[in-house]
Amino acid sequence: MLLATHPLYLRHDTGPWHPERPERLEAVFRGIDDAGVREALVAFEPRAATRDEVARVHPGRYLQALEEAAVSGRGHIDADTVVSEDSYEAALVAAGAGLDAIARLDAGEADAAFCAVRPPGHHATPSRAMGFCLINNVAVAAAALADRGERVLIVDYDAHHGNGTQDTFFDDPRVVYVSFHEFPLYPGTGRIDEIGTGEGFGSTINLPLPACTTGDVYRAAVDEVLHPLAEAWSPTWLVVSAGFDAHRADPLTGLGLSAADFADLTAALVELVPPGRRLLFLEGGYDLDGLAHSAGAAVAALVGVTYRPEPPTSGGPGRPVVDAVRRLRDERGLA
């Protein structure tokens, strides 16, 4: 498996006490080491995305404003989102990680890639940085794949809805976006009836889950929503927004997952596409121990190793959401 990371990611300085901090990457690598799978990984330092590559998602004027904000050391873009002097360059290399990984997977270097990047990306809309996110890394990778004719399945299991990713592909039939997220919670989007528009009608699937939802609900959604979708649509690539803030210890969210649930979920998702077409990006996860355990378990699952520092969870709420999503899609003739 490929592991993309870069020293620049640590130089994206969000300031003291910010939850999206450089120590998060250190926790991810600690989890990988604890899982005992470091020798199975091929690490590389990715290249920066070009402006043209990013412009598939974000227009040039947005990138210009983002660069100017970073160079000036302006600080807060909004109440949550911060730029420092190195943030723009770090964001370009975070966006480039997926593009570089795709080229390496195309060349047969590995079966899957995990991009341990920051800043994260899934809240960044085409024209707005928000929610700790500057450039939408997943969207940049998915747009590049779609432009070459791939059918791209994006699955986002971050606890916060990926409003930026949804906005990017809401009317695009080449990309299916599926989000598991807590609701209500920031940013307030991701209702069941947000299913796409125009040619993209039906290509967005939201599972807005209540606080304390457990892993059995996620497993049911994979079986009852994602498997029928994959059988009908046959995605050629999987891109995952791998946020680990649905862990029950996370300070910003209220979902009830454990590290073993992330292992199960990741293992099930990658089976939806062939080896060599599996790409994961780090998104959220703010309890450092929970992040370490969960990222280690997910990466281990990618290389076929069982690592479960915590047992799987079950018995929480959320099952009616899966039933409602399945009913809505059946009523509208959608897979």
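What comes next concerns the included structure. Please read all numbers here as calculations on a predicted model, not as lab measurements. (Residues numbered from 1 in each chain as written. Predicted model: local features only at pLDDT ≥ 70, side-chain atom pairs only at ≥ 80, totals over all residues. Heavy atoms only, no water.)

### Here we look at the pattern of salt bridges
Put simply, the rule reads: The term salt bridge refers to a side-chain nitrogen of Lys or Arg lying within 4 Å of a carboxyl oxygen of Asp or Glu.
A full pass over the atoms with the stated rule returns 22 salt bridges. Here Glu53 ties to Arg47 by a salt bridge, and the two come within 2.9 Å at their closest N and O atoms.

### Examining unusual backbone geometry
Here is the rule we go by: In this description a helix means any DSSP run of H or I spanning at least four residues, a strand means any run of E spanning at least two, and both kinds are numbered starting from the N terminus. Partly exposed residues are those whose accessible area sits between 20% and 50% of the maximum for their type, while under 20% is buried and over 50% is exposed, using a 1.4 Å probe and protein chains only.
Residues Arg118 and Pro119 are joined by a peptide bond in cis, for which omega reads 5 degrees. Within the element layout of this structure, Pro119 appears in the loop between β5 (112-115) and α5 (137-147). Here the bond from Phe183 into Pro184 is cis, since omega is 0 degrees, no more than 30 degrees from zero. One non-glycine residue, Trp17, adopts positive backbone phi at about 75 degrees. Mapping Trp17 onto the fold places it in the loop between β1 (2-4) and α1 (23-35). What makes Trp17 exposed here is its relative accessible area of 84%.

### Details of the packing of aromatic side chains
Put simply, the rule is: Here the aromatic set is Phe, Tyr and Trp, taking the six-membered ring for Trp, and pairing holds for ring centres within 6.5 Å; pairs whose planes are under 30 degrees apart are stacked, those over 60 apart are edge-to-face, and all others are tilted.
Under the criterion given, the structure shown has 5 aromatic pairs. Consider the rings of Phe132 and Tyr286, whose centres lie 5.7 Å apart with planes at 85 degrees: the pair is edge-to-face. Separated by 154 residues along the polypeptide, Phe132 in the loop between β5 and α5 and Tyr286 in the loop between β10 (278-282) and α9 (288-302) bring together distant segments of the chain. Residue Phe132 shares its accessibility class with Tyr286, and that shared class is buried. Judged by centre distance (5.6 Å) and plane angle (50 degrees), the ring pair of Tyr157 and Phe262 falls under tilted. Here Phe262 lies in helix α8 (residues 259-270) and Tyr157 lies in the loop between β6 (152-156) and α6 (163-169), a separation of 105 residues in the sequence. Across this residue pair, the class does not change: Tyr157 and Phe262 are buried.

### Quick look at the pairing of β6
Test applied: A pair of strands is treated as paired once DSSP finds two or more bridges between them.
The buried fraction of β6 is high, at 5 of 5 residues. Of the two faces of β6, the one holding Val152, Ile154 and Asp156 and the one holding Leu153 and Val155 are both buried throughout. Sheet analysis places β6 next to strand β7 (residues 175-182), joined by 5 bridges and oriented parallel. The residue of β7 that forms the bridge with Val155 is Val178.

### Let's talk about the pairing of β7
Along any regular strand, the residues point their side chains to alternate faces of the sheet. Filter applied, for reference: Here a crossover is taken to be right-handed if, once the strands point away from the viewer, the path from the first strand over the helix to the second is traced clockwise.
Within β7, 8 of the 8 residues are buried, leaving the element largely enclosed by the surrounding structure. Going residue by residue along β7, you find Val175, Tyr177, Ser179 and His181 tucked away on one face and Val176, Val178, Phe180 and Glu182 tucked away on the opposite face as well. The handedness of the β6 to β7 crossover, carried by α6, is right-handed. With 6 bridges joining them, β7 and strand β8 (residues 204-209) adopt parallel strand pairing. Looking across to β8, one finds that His181 is bridged to Pro208.

### Re the environment of Ala301
Under the convention used in this document: For this analysis, residues touch if any pair of their heavy atoms sits within 4.5 Å.
Of note, Ala301 is situated in helix α9. Assessed through its relative accessible area of 17%, Ala301 is described here as buried. It is 9.3 Å that separates the C-alpha atoms of Ala301 and Val270, two residues lying 31 residues apart in sequence. If sequence neighbours within four positions are ignored, Ala301 has contacts with Ala263 and Ala267.

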